[in-house]
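Residue-level structure breakdown
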Amino acid sequence: MTSKKPQKIGLITTTSLVIGNMIGVGIFVLPTTLAEFGSISLLGWVFTAAGAIILAKIFSNLSKIIVNKSGGPYVFSREGFGDFIGFLVAWGYWICVWLGNGAIVIGVVGALSFFFPVLKTDPLMALGVSLALIWLFTWVNSRGIKESGKFQVVTTVLKVVPLLFIIIFGVFFFKIENFPAFNLTSESNFLTLPAVSVYTLFAFLGLESASIPAGNVKDPDITVPKATMIGTIFTAIIYILATIVLFGILPNSVLRDNPKPFADAAQLIAGDFGGYFIAVGVVISGIGVLNGWILISAQVPMATARDELFPKIFKKENKNGAPVYGLVIGSTLTSIGMIASYGGGLAEQFKMIADVSVFAVLVPYLLTSAAYILIVIERKLHLNSVIKTFVLGGLGFTFSLWAIFGSGADTVFYGFILLLLGIPFYLIMRYNKRVK
């Protein structure tokens, strides 16, 4: 069951994968949380955007060095540190993705409850819709990366339009007196900024998405770096501008504890139509990000299996060139997680899953930053730019380390245990490889 000719995607699709995997449901409610801190949260956006762009530059540079190999952070970490670290990155990242897909689908169902209130009151109905969405987009991805990519382009455009609507037309409803004070907390600015940045950082997870299916990208040494940088910078600008405009449209007293800030702002701009327009945008944003991350859920284990560090079933492809068994296994695990948490509150489920997922992505960012320095130096690619290499890799490493520290003791503890659980599986894979 192998594709004769690998399907390839271009710059537009690859960029939409980066943007689409970052902009999900969370951004539509995040300003409510940020409003509690005050306008210092804009500095949080700028700080994490700078960190994200540094990481994007590292992934872009590595994509020019290690060409035409899928796997992203797994491939880069393995190249720099060897099989064991590469395996741990793949293991943690893979688990993070299928766990995170559970959090994403919870967000989608929450957005759908705006139109179908029964989803808030009937847990069984919510579970049924969640499972249906997971398997619908598993099927879409089984049709190949080109089909999944087309869907990703459409949903990315449709999710960005409502945000641009708020940014462009919201300027005419902007009132400076609505803008919150700089720091509304009782803590110093020095302590408040890291607390804000923990929330804004989550919105940039996925910046590495273009590098993961690199083997299915046209001219990957050119396309992947461009898509990574364009997608990350564009998303950062959208986030910052949308938050500024929202702070000026809605008074802080209205914005705080508001479950639908963008919808309320749109309602002020365009009446009921505006509210429904944003609500539809949130749903589309959710299904788009779910589609993109289900694609990713099979790409990393497939790359790892090709290096004989994951079971070989993960590298098997169907006639469309899709790693169908990886898709099915990942979505089955997501479904089991959803069923196991059946009956719990959506918010509690989302927070628990998201916290561990953040740690499992930050570790690959940290190791990729360190690997970048090693790879450039070992391949003698630095020439006269040793300092530049160390500065870029060092900044990425420091930012990732700071983010891990800021994610909280419980998150780091459970995330670390998650990584350690992979060691027995690594030993099994190494043993199987040696007895062949």
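Please refer to the structure higher up on the page.
Residues numbered from 1 in each chain as written. Predicted model: local features only at pLDDT ≥ 70, side-chain atom pairs only at ≥ 80, totals over all residues. Heavy atoms only, no water.

We now examine empty space enclosed by the protein. Scanning the entire structure with this criterion turns up three cavities of 30 Å³ or more. Around the largest cavity, the lining residues are N141, G144, I145, N216, L295, A298, Q299, G321, A322, P323 and L327. Considering every element that reaches the lining of the largest cavity, the biggest residue donor is helix α12 (residues 261-306), with three residues. Residue composition of the lining of the largest cavity, grouped by class: six nonpolar, five polar and no charged. Taken as a whole, the second largest cavity spans an internal volume of roughly 40 Å³. Lining the second largest cavity, in full, are I9, T13, L17, I145, G149, Q152 and L295. Those elements giving two or more residues to the lining of the second largest cavity turn out to be α1 (11-22) and α8 (145-170). Sorting elements by how many residues they give to the lining of the second largest cavity places α8 first, with three residues. Taken together, the residues of the lining of the second largest cavity sort by class into four nonpolar, three polar and no charged. (1 Å grid on protein atoms, 1.4 Å probe; cavity = no way out; pocket = protein on both sides within 12 Å on 5 of 7 lines; lining within 4 Å. Points joined across faces, edges and corners; volume = space filled by probe spheres on them. Helix = DSSP H or I, 4+ residues; strand = E, 2+ residues; numbered from the N terminus. Nonpolar A, V, L, I, M, F, W, Y, C, P; charged D, E, K, R; others polar.)

Per the counting criterion, the structure on display carries seven salt bridges. Residue E79 pairs with R379 through a salt bridge whose shortest N-O separation is 2.7 Å. With E79 in helix α4 (residues 73-81) and R379 in the loop between α14 (346-378) and α15 (386-406), this pair connects stretches of sequence that are 300 residues apart. Since its relative accessible area comes to 35%, E79 is described here as partly exposed. Residue R379 is classed as partly exposed on the basis of its relative accessible area of 37%. Its salt-bridge partner being E147, residue K150 comes within 3.7 Å of it at the nearest N-O pair. Here K150 and its partner E147 are both found in helix α8, three residues apart, which amounts to about one turn of the helix. Given the relative accessible area of 32%, E147 is considered partly exposed. Members of the salt-bridge network, linked through shared partners, are R78, D83, D307 and R430. (Salt bridge = Lys/Arg side-chain N within 4 Å of Asp/Glu carboxyl O. Buried < 20%, exposed > 50% of the residue type's maximum accessible area, 1.4 Å probe, protein only.)

Right, let's get into the side chain of S197. Within the secondary structure, S197 sits in helix α9 (residues 189-202). Among residues more than four places away in sequence, those in contact with S197 are G44, F47, T48 and W402. (Contact = heavy atoms within 4.5 Å.)

The next point concerns the packing of aromatic side chains. For the coordinates displayed, the defined rule picks out 31 aromatic pairs. Residues F204 and Y239 carry aromatic rings whose centres are separated by 5.3 Å and whose planes lie at 75 degrees to one another, so their mutual orientation is edge-to-face. Of this pair, F204 sits in the loop between α9 and α10 (220-249) while Y239 sits in helix α10; the two residues are 35 residues apart in sequence, bridging distant segments of the chain. Like F204, the residue Y239 is buried in the burial classification. Taken together, the ring pairs in this structure connect F84, F87, W91, W94, W98, F310, F314, F425 and Y426 into an aromatic cluster. (Phe/Tyr/Trp six-rings, centres within 6.5 Å; stacked < 30°, edge-to-face > 60°.)

With that out of the way, let us pick up the packing of α1 against α8. A pair of packed helices can be characterised by two numbers: the angle between their axes and the separation between those axes. Axis separation between α1 and α8 bottoms out at 8 Å; the angle between their running directions is 55 degrees. Classified by the angle between their axes, α1 and α8 sit oblique to one another. Seen along the crossing, α1 lies across α8 with a hand that is left-handed. Of the residues in α8, those touching α1 at I12, T13, S16, L17, I19, G20 and N21 are G149, Q152, V153, T156, K159 and V160. (Axes fitted to C-alpha atoms, helices over the stretch in contact; angles between N-to-C directions. Parallel < 35°, antiparallel > 145°, perpendicular 65-115°, else oblique. Left-handed = near helix turned anticlockwise from the far one by under 90°.)

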